[in-house]
Each structure stands twice: as structure tokens, then as C-alpha cells.
Amino acid sequence: MSMKRTNVYADPEDLAIIKEAAKRRGISEAEIIRQGIHLAAMANRVWDEPLFSRTFEGPGRTPSKSEVRDTVAEAVRRETGSDSGSAA
């Protein structure tokens, strides 16, 4: 991967922590800084499509516990082909 050089100002205390971490982990300080830049880039990325782009039909309210139970039971009956009564 090709990289581009840049200069930034950093807090001396942060740099001291990075120096200690690099020594402890056996990697360069630059690698820790690159990881931090990548995390910052991903945290601020704007996606072309929203995470939840689909809409679903429904009653427009949160279903009750019994409605959820009945819907799941109905789906199980459809999947298994079972027409027997309610679950125990």
C-alpha cells in the first residue's frame, strides 16, 4: 500500500503513551499513529447508503409480547407444516 507523509501536532503526553505502547508491543510509534488515523477516518466516514435503507410494513407501534409469541408460533407452524395446537 502506498502511503503519504503528513505532519501533525500532538500532545506530548499522548506521544509519551504512544512511545511506551510501541516499545511494549514491539511495533513502531508510526504504526500506532497509522492505526489511530485509520480509526479516526472510519469513525468519520460518510456512507453512500444509510445503514437501514429498507422500510418494513407494520402497525407503526411496538408489538405486544403475545403478538410476538403468536407471530413466531405461526411462522414455526408454516415452516414445519404442523397444524397442531399451541406450544406447551
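The rules behind these values
- Residues numbered from 1 in each chain as written.
- Predicted model: local features only at pLDDT ≥ 70, side-chain atom pairs only at ≥ 80, totals over all residues.
- Heavy atoms only, no water.
- Patch = residues over 30% accessible without salt bridge, like charges linked within 9 Å, V, L, I, M, F, W, Y side chains within 5 Å.
- Areas by Shrake-Rupley, 256 points an atom, 1.4 Å probe, with all protein chains shown as cover.
- Salt bridge = Lys/Arg side-chain N within 4 Å of Asp/Glu carboxyl O.
- Helix = DSSP H or I, 4+ residues; strand = E, 2+ residues; numbered from the N terminus.
- Buried < 20%, exposed > 50% of the residue type's maximum accessible area, 1.4 Å probe, protein only.
- pLDDT = per-residue confidence, 0-100.
- Phe/Tyr/Trp six-rings, centres within 6.5 Å; stacked < 30°, edge-to-face > 60°.
- Lys NZ or Arg CZ within 6 Å of the ring centre and 35° of its normal.
- UniProt positions renumbered as here; feature names shortened; annotations may be inferred.
- Axes fitted to C-alpha atoms, helices over the stretch in contact; angles between N-to-C directions.
- Parallel < 35°, antiparallel > 145°, perpendicular 65-115°, else oblique.
- Left-handed = near helix turned anticlockwise from the far one by under 90°.
- Contact = heavy atoms within 4.5 Å.
- Nonpolar A, V, L, I, M, F, W, Y, C, P; charged D, E, K, R; others polar.

Some details on a nonpolar patch on the surface
Side chains of Leu15, Ile33 and Ile37 sit close together on the surface and give an oily, nonpolar patch of about 230 Å² of accessible area. With respect to the helices, strands and loops of the structure, Ile37 is situated in helix 2 (residues 29-43). Ile37 gets classed as partly exposed once you look at its relative accessible area, which sits at 49%.

Side note on the confidence of the model for the protein chain
Looking at the protein chain, pLDDT values average 88 and 91% of them are 70 or higher. Looking at the elements of the protein chain, mean pLDDT is at its lowest for helix 3 (residues 65-80), recorded as 93, and at its highest for helix 1 (residues 12-25), recorded as 98.

Structural notes on the packing of aromatic side chains
The full count for this structure, using the stated rule, is 0 aromatic pairs. Across the ring face of Trp47, the terminal group of Arg45 is positioned such that the distance to the ring centre comes to 3.8 Å.

Brief notes about the UniProt feature "domain: Ribbon-helix-helix protein CopG" (unreviewed entry) in the protein chain
The UniProt record annotates "domain: Ribbon-helix-helix protein CopG" (unreviewed entry) at residues 4-37. Secondary structure over residues 4-37 splits into 68% helix and 0% strand, and the C-alpha atoms at its two ends are 12 Å apart.

Notes on the pattern of salt bridges
A complete count under the given rule lists 4 salt bridges for this structure. One salt bridge connects Glu67 with Arg61, and the closest N-O pair in it is separated by 2.9 Å. Residue class for Glu67 comes out partly exposed when judged on its relative accessible area of 31%. One salt bridge in this structure joins Glu74 and Arg78, with 3.0 Å as the shortest N-O distance. Taken together, the residues Glu74 and Arg78, both in helix 3 and 4 residues apart, mark about one turn of the helix. Residue Glu74 is classed as partly exposed on the basis of its relative accessible area, which comes to 42%.

Regarding the packing of helix 1 against helix 2
Put simply, helix 1 and helix 2 touch, their axes get as near as 8 Å, and they point 110° apart. Considering their axes alone, helix 1 and helix 2 lie roughly perpendicular with respect to each other. For the crossing formed where helix 1 meets helix 2, the hand is right-handed. Residues Ile18, Lys19, Ala21, Ala22 and Arg25 of helix 1 form the contact with helix 2, whose own contacting residues are Glu29, Ile32, Ile33 and Gln35. Its residues assigned to classes, the contact of helix 1 with helix 2 shows 5 nonpolar, 1 polar and 3 charged.

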